[in-house]
Each structure stands twice: as structure tokens, then as C-alpha cells.
Amino acid sequence: MSISANDNNSAKVSVRGFLAKYSVLIAFAAIVIFFSVASPTFLTPANLFNVLVNNVVMLAIVALGLTIVISSGGIDLSVGVSVDMASMIFVMLLAAGYSGVVGVAGGLGAALIVGILNAILITRLNISPFLATLGVLFIGQSTQQLATSGGQPIYLTSGYAADQFNAIARTALFGMPTPVIVLIVLVVAVHVLLHRSVFGRYVQAMGAQPGVAWYSGIRVPRELSMVHVLCALLAGVTGILLSATVKSYVPLSGNAFLLDAIGATFIGTTLSRERKPSVIGTLLGVLLLAIVKNGLLLVGWNFYWQQVGIGVLVFLVLAASFGLRRAAH
């Protein structure tokens, strides 16, 4: 009897462990099935393409940057500022008649400045990442409002600038739009950087045991600086793609990415036994949030109820995963 009871307990533990590890995939499958039944247009190629291009690409790029930062044990609340500053400078340069190449370089340069400022505050002044990036968030928001006469959008829907926008957002390679190609390249690059390089091992070490990282010879200030610069540059790429897609710059629009990107990154940690962020996990988190938003829109929920639905989903997935892991141990 005791052997049978032990086998039964082991089976229960293994089932709980399986459910905990794959809670995101289970939730993903359940949500797809639900919306497939609730809306006949959900699984149509046109709708799935719309979700990929308009809901997944830009959020995923921001979330990749946060994946690097959170892996290091930090946080970056200023990713929305990096998105906005890149978008603003990019549009302003095109409005002034500069080429798309100059516009992209200027936009990325603006995002780079945000990342460098974060790095200085965190590594030189020893301010916590939360407070440092929160301060940069406030400064960046005020800067945008000052530069745009109180937050006036800049629309460029015709002429040379619009042609440059189209060259970035509407062209295709192998049948895939440029933003999708950009995402694929960045996913591969960040995956290799975070999971297959010396830099990635340093980042993981800082996130797991920061004190040990110091004494093991890792140049923590330099690595943390790189972490925040990379995060800002990735957010800057999103800002450029966003402006090229909507043919305008709208002040403070980058703030919409912050909470979703953080949520997607933490949802992705449920795939790891150690609850560490990963590129694959973050992508699954982004897909989950994007599909929920799209599905709720198709079934007729308004914007505010969509936010409630997403909040409940994040809570349930994380609570189920962590609760089942504790029960399995």
C-alpha cells in the first residue's frame, strides 16, 4: 500500500509540474479554441496577419529589450520614452527633408541617449533601476511636451516623408513586410546574445546572484550599461516602425507598450523552472496578450474591458504557474 501511495503522490507531483511548466502553452491553446468558436473571423488569414503585423511586432521588440534588463535583475520603466524619442526625432528629421537613413540614425541616436542616461544614473550614481528609469520617464515625457507645444502630434501623410515611411513599413521581402523581417532578425540576435554568449552568461549571473557576480570578476557597471543601452535601442526600433506605420508622431504613445511588455516578459518566465526570462517565453507572452486583445475586440468588448480581461489573464497564468510549482515541490 505504501508503494502504491508513493507512486500516486509522484504522479500527482509530475502532473502539477507539467501543468506549471506549460501553463502558458495551455492557456494559449485554450484561448485560441475559445475565440475560434466565439468569432468566425478569428482564424482567418487576414486577421492573423493583422495580429502579427499590428499587435505582435512592435510590442515584441520592446519586450525583447525588457527581457535583457529583467534577466540582469533590473527593470526599465523608460522604454516608452525611448520609443517616443526615437519616433519624434525620426519624424522631425523627415519633416525637415532629410533622408530615411538619416531619420533612422537620428531616431536610434535619441533612444541611445535615453539608454546612456539610464546607465549613468544606475552605474555611476548608484540609483536603483526602478527610481532611475522612473525619473527618466518623467523627464522624457516633459521633454516631448516642450518640444511639441504641449503635446501636439506631427502628421506627415503626403510628400517625400510619406514615401520614406512607405519604404520602411510597406515594403516586403520574401512576401513578409519589413517590420516582420526586422522582428525575426532581432529575435535571433537577442536569443544568441542572451542565451549563447559570454555577455548573456554575465547578465544571467547578475540577475541570479549580483554579489557573486561582483566577486567573480564580472565588470558589473559595464555590463549593466550595455543592458540598458540595448533595451533603449530596441525600443527605439519600435518607435521608428510605429511612426512609419501610422505616418505620424503622437507624443507619449510609447507608454502603451510599457505594461504589456512587462506582462509578456513575466508571463514568459513561467516556462523556466528558475522563473528566468527567455526570448522564447517572452514571445509566447506577447502572442498571448496580442491574441487576447484581438479576440476580445472581435467579440465586441470595449477597450476598458479589454484591459480588465488582460489583467485577469496575466494574474491567472502567473498564479497558476507559481501555485502549481509550489505544490509540485
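Read on for an overview of the structure. (Residues numbered from 1 in each chain as written. Predicted model: local features only at pLDDT ≥ 70, side-chain atom pairs only at ≥ 80, totals over all residues. Heavy atoms only, no water.)

**Structural notes on helix α12 (residues 255-268)**
Put simply, the test is: Note on conventions: DSSP H or I runs of at least 4 residues are helices, E runs of at least 2 residues are strands, and numbering of each starts at the N terminus. By this rule the span expected of a helix is its residue count minus one, scaled by 1.5 Å. Any residue under 20% of the maximum accessible area for its type is buried, any over 50% is exposed, and the rest in between are partly exposed; the area is computed with a 1.4 Å probe on protein chains only.
With 14 residues, α12 extends 21 Å between its outermost C-alpha atoms, agreeing within 8% with the 20 Å of an ideal straight helix rising 1.5 Å per residue. In terms of residue burial, α12 counts as a mostly covered element, since 10 of its 14 residues are buried. Looking at α12, one finds that the buried residues are Phe257, Leu258, Asp260, Ala261, Ile262, Gly263, Ala264, Thr265, Ile267 and Gly268.

**What about the pattern of salt bridges?**
Where charged atoms of side chains with opposite charge meet at close range, the side chains can pair. To keep it simple, the criterion reads: By salt bridge we mean one thing: a side-chain nitrogen of Lys or Arg within 4 Å of a carboxyl oxygen of Asp or Glu.
On inspection of all chains with the given rule, the structure shows 2 salt bridges. Two residues, arginine 222 and glutamate 223, come together in a salt bridge whose shortest N-O distance is 3.1 Å. For arginine 222, a relative accessible area of 44% puts it in the partly exposed group. The class for glutamate 223 is buried, based on a relative accessible area of 5%. Across the pair lysine 293 and aspartate 260 runs a salt bridge whose closest N-O atoms are separated by 2.5 Å. A residue pair is termed long-range when its members are at least 10 positions apart, and lysine 293 in helix α13 (residues 279-298) and aspartate 260 in helix α12 qualify at 33 residues. Judged by its relative accessible area of 24%, lysine 293 is partly exposed. The exposure class of aspartate 260 is buried, given its relative accessible area of 11%.

**Re the packing of aromatic side chains**
To keep it simple, the criterion reads: Any pair of Phe, Tyr and Trp rings, taking the six-membered ring for Trp, is counted once the centres come within 6.5 Å. Such a pair is stacked with planes under 30 degrees apart, edge-to-face with planes over 60 apart, and tilted for the rest.
In the structure shown here, the tally under the stated rule is 3 aromatic pairs. Relative to phenylalanine 35, the ring of phenylalanine 34 has its centre 5.2 Å away and its plane inclined at 70°; by these criteria the two rings are edge-to-face. Assessed through its relative accessible area of 52%, phenylalanine 34 is described here as exposed. Using a relative accessible area of 4% as the deciding quantity, one classes phenylalanine 35 as buried. A centroid spacing of 5.7 Å and a plane angle of 40° characterise the contact between phenylalanine 35 and phenylalanine 42, whose relative ring orientation is tilted. One exposure class covers both phenylalanine 35 and phenylalanine 42, and it is buried.

**Considerations on the environment of alanine 244**
The condition is simple: Note on definitions: a residue-residue contact is assigned when non-hydrogen atoms from the two residues lie within 4.5 Å.
Relative to the elements of secondary structure, alanine 244 occurs in helix α11 (residues 220-246). When the C-alpha positions of alanine 244 and glycine 300 are compared, they lie 29 Å apart, and in sequence the two are 56 residues distant. With residues near it in sequence (within four places) discarded, alanine 244 still touches Phe90, Phe165, Ile168 and Ala169.

**Here's the deal with the side chain of threonine 238**
Operational definition: Two N or O atoms count as a polar contact when they lie within 3.5 Å, although within protein this holds only if one can serve as hydrogen donor and the other as acceptor, and sequence-adjacent residues are included solely when both atoms are side-chain atoms.
Mapped onto the elements of the fold, threonine 238 is located in helix α11. A polar side-chain atom of threonine 238 sits 3.1 Å from the main-chain carbonyl oxygen of methionine 58.

**A word on the nonpolar core**
Formally: Only buried residues count toward a nonpolar core. Its members are Ala, Val, Leu, Ile, Met, Phe, Trp, Tyr and Cys residues joined through side-chain atoms within 4.5 Å.
In this structure, Leu64 and Leu183 are the most contacted members of the largest nonpolar core, which totals 87 residues. Among the elements that take part in this core, helix α3 (residues 45-71) stands out by supplying 15 residues, more than any other.

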